[in-house]
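Residues per chain, in single letters:
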Amino acid sequence: MGKADFLSPKAISNRIKSKGLQKLRWYCQMCQKQCRDENGFKCHCMSESHQRQLLLASENPTKFMDFFSDEFKSEFLELLRRRFGTKRVHNNIVYNEYISHREHVHMNSTQWETLTDFTKWLGREGLCKVDETPKGWYIQYIDRDPETIRRQEEQARKKKQELDDEERSARFIQEQVRRGQGGKEEAEPVYTELQRESEEEKVAFNLGAAVAGSSKSSSVLGTSALKAAASVKRKETAAGSDSRGEKKKKSALEEIIEMEEKKKKKQSSAVRTDYWLQPNIVVKIVTKKLGDKYHKKKAVVTEVRDRYGGVVKLVDSGDKLKLDQNHLETVIPAPGKRVLILNGPYRDTEAVLEGIHEKKFSATLTLDSGPQKGDSVDVAYEDFSKLA
């Protein structure tokens, strides 16, 4: 029986039936032929063309599977990039949209058995960000296109330039304000105690103008009051120097403030150094050049050479290594352990760790030696280490 004409009812019916998706069980990926029923698929498998395709595939099956896997991966990722961009989406949603195309590559002809295996493979290869939830696997495309990276860098550069412009304009405004003031800084008001020269003298305040709430009168009163207080203080100083010649006794608060100022000056005068290694301290090896055998291992400094280097002995294996201080970092012990301060105003002072402040990256130490023994101080992480 000959083939029906193109415009015959049978030909039109066949074309209508062939549109859209058919059952996957009756699709031949090698021949890329879709059959409508089991009988048609059986006849196709017995055909000469299908047998030739099977012979070609049997010669090099890995080649055909890699080809179909690459096609499936590239088309799936292209749909994910074009349709969803870098949004987080369920993998089944993308797959259903992918298989809606009639000529798509079927998964049963690839190296992945299920969609979950393919999703995990995308995560291992770094092509997508994948995460598992109670609702299933979600994927997010990672855009590594050079044009996209260049555009992101350009946006970051523009944002930084805008911030620089804002800082520059702020500095310009501050400079204009300073020039407008004639380069003179506003004098801070000096407040003094209100004192009387004699016990019989009365102190009187003129508050008549303040009832009206005038800002001008209040400013005048404030200025006159400051002038009067300053004149009283000058008179008291002159009288004290002429008559008594004795120093005024300091209060307890003033003595405490003076001691704190002296302490701060002493601490600020201490010079920090760029070398910190000391013998008999525990350090951690942070360099990866020595391999995983010594990376993140703890050791004890046995000898310091040329200030910046030293010989360390590993706690676990006992191996000895000569390392620079840049390849080491300090070790913070548990509270209650003894440490050695390595830098700052309390350098070479032993102390006891009391507490750790994670937000400030510092710890509270109680000094255990030196003239300030027993004092509590705050020291940064890198300025002390555990004693061996």
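Residues numbered from 1 in each chain as written. Predicted model: local features only at pLDDT ≥ 70, side-chain atom pairs only at ≥ 80, totals over all residues. Heavy atoms only, no water.

**Q** Just checking my understanding: could you explain the overall build of the protein chain for this structure?
**A** Regarding its fold elements, the protein chain presents 9 helices and 15 strands. Split into buried and exposed, the 388 residues of the protein chain put 25% on the buried side. Across the protein chain, contacts joining residues at least 24 apart in sequence account for 45% of those joining residues at least 6 apart. Carbon and sulfur atoms provide 52% of the accessible area of the protein chain, an area that totals close to 28,700 Å². (Helix = DSSP H or I, 4+ residues; strand = E, 2+ residues; numbered from the N terminus. Buried < 20%, exposed > 50% of the residue type's maximum accessible area, 1.4 Å probe, protein only. Contact = heavy atoms within 4.5 Å. Areas by Shrake-Rupley, 256 points an atom, 1.4 Å probe, with all protein chains shown as cover.)

**Q** Even after reading the chapter, I still don't get the sheet that holds strand 8 (residues 309–314), so can you show me in this structure?
**A** Each strand in a sheet pairs with its neighbour through backbone hydrogen bonds, running either in the same direction (parallel) or in the opposite one (antiparallel). If you walk across this open sheet you meet the 5 strands as 9-8-7-6-10, and the pairing is antiparallel. Sheet topology places strand 9 (320–324) and strand 10 (328–330) at the edges, where each strand pairs with a single neighbour. Across the sheet, the axes of successive neighbouring strands diverge by a mean angle of 45 degrees, strand direction being ignored. With 5 bridges connecting them, strand 8 and strand 9 associate as antiparallel partners. For V312, the partnering residue across the bridge sits in strand 9 and is L321. (Pairing = 2+ DSSP bridges. Axes fitted to C-alpha atoms, helices over the stretch in contact; angles between N-to-C directions.)

**Q** Would you take a moment to explain helix 7 (residues 146–180) for this structure?
**A** For the α-helix, the turn length of 3.6 residues means that residues three or four positions removed from each other point alike. Over its 35 residues, helix 7 runs 51 Å from end to end, which matches the ideal 51 Å to within 8%, given 1.5 Å per residue. Looking one or two residues beyond helix 7, the residue adopting positive phi is G182, at roughly 75 degrees. (Expected span 1.5 Å × (residues − 1).)

**Q** Help me out: how do you make sense of the packing of helix 4 (residues 61–84) against helix 6 (residues 115–125) in this one?
**A** Packed helix pairs are characterised by how far apart their axes lie and by the angle those axes make with each other. With their axes 13 Å apart at the nearest point, helix 4 and helix 6 run at an angle of 80 degrees to one another. When the axis of helix 4 is compared with that of helix 6, the two are roughly perpendicular. Listed contacts from helix 6 to F72, K73, F76 and L77 of helix 4 are F118, W121 and L122. For the contact of helix 4 with helix 6, the class distribution of residues is 6 nonpolar, no polar and 1 charged. (Parallel < 35°, antiparallel > 145°, perpendicular 65-115°, else oblique. Nonpolar A, V, L, I, M, F, W, Y, C, P; charged D, E, K, R; others polar.)

**Q** Any chance you could explain unusual backbone geometry here in plain terms?
**A** Positive phi values are uncommon outside glycine, yet R307 reaches one of about 70 degrees. Its relative accessible area of 52% is what places R307 among the exposed residues. Even without glycine at this site, F361 takes up a positive phi of about 55 degrees. As for its position among the elements, F361 is in the loop between strand 12 (350–357) and strand 13 (362–367).

**Q** How should I be thinking about the pattern of salt bridges in this particular structure?
**A** A side chain with one charge can pair with a side chain of the opposite charge if their charged atoms come near. One pass over the full model with this rule turns up 11 salt bridges. K293 is the partner of D319 in a salt bridge, and the nearest nitrogen-oxygen pair spans 4.0 Å. Here K293 lies in the loop between strand 6 (282–285) and strand 7 (298–305) and D319 lies in the loop between strand 8 and strand 9, a separation of 26 residues in the sequence. Taking relative accessible area as the criterion, D319 reaches 24% and is therefore assigned partly exposed. In this structure, R338 and D368 form a salt bridge, with 2.3 Å as the shortest nitrogen-oxygen distance. Here D368 lies in the loop between strand 13 and strand 14 (376–380) and R338 lies in strand 11 (residues 338–341), a separation of 30 residues in the sequence. Looking at R338, the relative accessible area reads 35%, which means it is partly exposed. Each of E78, R81 and R82 takes part in a single network of salt bridges with overlapping partners. (Salt bridge = Lys/Arg side-chain N within 4 Å of Asp/Glu carboxyl O.)

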